[in-house]
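Observations on chain architecture
As a plain string of letters, each chain reads:
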Amino acid sequence: MNRQAARRSARIAGPDAGVRAIGRSLAVRNFRLFFTGQLISVMGTWMMIVTQDWLVLSLSDDSATVLGLVTALQFAPMLFLSLYGGRLADRHDKRSILVVANLVSGALSMALAPLVITGAVRVWHVCALAFCLGVVNAIETPTRMSFVHEMVGGELLPNASALSAAYFNLARILGPALGGLAITWLGIGPVSVLNAVSYLATVAALLRMRPAELLRGSGTVRDARTRDALRYVAGRPDLLLPLLTVALVALFGLNFQLTLPLLAKTVFHADAGSFGLFTSAVAAGSLLGALAGTRREGRPSAPLVAGAAVAFGTAEALTGLAPGQGGALVLLAVTGFTALYFTQAVNHRVQLGSAPGLRGRILALYTLLLQGSTPFGALLTGRFAARYGARAALVAGGLVSLATGLAALAFLTIRAARPGTDDARARDG
């Protein structure tokens, strides 16, 4: 009888325990504030991304090349400044950097509104805004990623990192859908204003935090140098392989800011109201991938990272072959799941394997490879799509990502078969 009662209690407590496990890092007040502020802010950002893409296509007569140029300009600063951003994160107070970055981003978004409302906006205005926002993001992104560790500590880091991806993708579901409706109901100018105001949510959350509860420890290094982080990674094959894998996958496969608008508008001829559904489909799958990652408690293995790249490449290639809009949306959700699972696995493997004093700079390197490759990827994909179409661009990106994952798995198999690699196998999990 006692055993049956225990089983009933386990069945009742199981779901609640699962929910608590998913959100366990939200018990930390500082992270809870950060999560709420970021959810609001990123939702506004995704509304603006959809609005910006629609504006560019409208101003350029649906030009894939121009859209690729805007995307490239937005991510180009990652190439030159993200490592510097990581250095700043290791040397200075991360919370202060994030406050300034969000205020500047809000001001830049507000600057576009009067140009759109008065009808004076031109493509070069959007290009300039995209570049300036890219400069801010190059500093903000590695700082924000390394700040998560200060809020929750190493034990809760995988959960908090996955929840950060969850709020990002929840916003990516709601933001584009609301953005498409806002374009129809309000127009592009008011959406820029809403996005500018949304940055204040993150600023308010950062200012309400309790600095004494941040786990800064020895993470702030006065003489932080970028080359120290590069040397460190070069001597760590367990960090170098996932970083190289994410670089190739990001360059050829993770170009959704370009391929999704083209797929929606040039293949399926979506209107403004349904334009955001394509981004929302990817985000819905990504949200599920993030929630799957919240149960992770340790460092993911190298084969898991490579296998996730294989899964992503397969899903993206199949999306390009989808015959109808409904099938494409379903496959985009699968693509979003595998993309998020892959990038989070790389993030956790790199972050949990790095020395604390180098974390900001190594995450900046991760950001450089993940997002800094976007300018080249956007230009290559834009030209490829202009010549062969959006479907072919998706298939090509998927096949390159699939080949990258298979190559990584082959490397790990060969390395594990060599004698004297017991230490390497232990490190790789």
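Structure shown above.
What you are looking at is a predicted structure, and each value in this text was computed from that prediction instead of being measured.

A separate point is the nonpolar core. The biggest cluster of nonpolar side chains holds 37 residues, and the ones touching the most others in it are Leu-254, Phe-256, Phe-278, Leu-332, Phe-342, Val-346 and Tyr-366. Among the elements of the structure, α8 (226-234), α9 (237-252), α10 (256-267), α11 (272-293), α12 (302-320), α13 (325-352) and α14 (359-371) are those that each provide at least two residues to this core. The element contributing the most residues to this core is α13, with 7 residues. If near-sequence neighbours (up to four positions away) are discounted, Val-346 is found in contact with Pro-242, Val-246, Val-305 and Tyr-366. In this structure, Met-47, Leu-67, Val-126 and Ile-183 belong to the second largest nonpolar core, which totals 30 residues.

Tracing the backbone shows Asn-255 in the loop between α9 and α10. With relative accessibility at 4%, the residue Asn-255 sits in the buried group. At a separation of 3.1 Å, a polar atom in the side chain of Asn-255 contacts the main-chain carbonyl oxygen of Leu-251.

Our next topic: the environment of Gln-351. Summarising the element assignment, Gln-351 is placed in helix α13. Considered as a pair, Gln-351 and Ile-362 are 11 residues apart in the sequence and their alpha carbons are 7.8 Å apart. Setting aside residues no more than four positions away along its own chain, Gln-351 makes contact with Met-145, His-149, Leu-157, Arg-359 and Leu-363.

Below, the discussion takes up the packing of α10 against helix α16 (residues 390-417). Packing of α10 against α16 brings their axes to within 9 Å, and their N-to-C directions diverge by 145 degrees. Crossing geometry of α10 relative to α16 is assigned as left-handed. Residue-level contacts link Thr-259, Leu-262, Leu-263, Thr-266 and Val-267 of α10 to Ala-390, Arg-391, Ala-393 and Leu-394 of α16. A class-by-class count of the residues in the contact of α10 with α16 yields 6 nonpolar, 2 polar and 1 charged.

Conventions used here
Throughout, residues of each chain are indexed from 1 in the direction in which the sequence is written. With the structure being a predicted model, the display of local features is reserved for residues of pLDDT at least 70 and the display and counting of side-chain atom pairs for 80 or more, all residues being used for whole-chain, interface and lining totals. Only hydrogens and water are set aside when side-chain values are computed; all heavy atoms of the structure are taken into account. Each nonpolar core is a collection of buried residues, namely Ala, Val, Leu, Ile, Met, Phe, Trp, Tyr and Cys, held together in the definition by side-chain atoms within 4.5 Å. To sort residues, take the accessible area from a 1.4 Å probe on protein chains only and compare it with the maximum for the residue type: under 20% means buried, over 50% means exposed, and anything in between is partly exposed. The helix and strand labels rest on DSSP assignments: H or I over at least four residues marks a helix, E over at least two residues marks a strand, and numbering proceeds from the N terminus. We call two residues in contact whenever any of their non-hydrogen atoms come within 4.5 Å of each other. N or O atoms within 3.5 Å of each other form a polar contact, as long as, within protein, one can give a hydrogen and the other can take it, and as long as residues adjacent in sequence are counted only when both atoms are side-chain atoms. Axis definition: a line fit to C-alpha positions, over the contact stretch in the case of helices; interaxial angles, taken between N-to-C directions, run 0 to 180 degrees. Two helices that cross are described as forming a left-handed crossing if the nearer one is turned anticlockwise from the farther one by less than a right angle, and a right-handed crossing if clockwise. Each residue is assigned to one class: nonpolar for Ala, Val, Leu, Ile, Met, Phe, Trp, Tyr, Cys and Pro, charged for Asp, Glu, Lys and Arg, and polar for all the others, Gly among them.

This is a description of form; function is not addressed.
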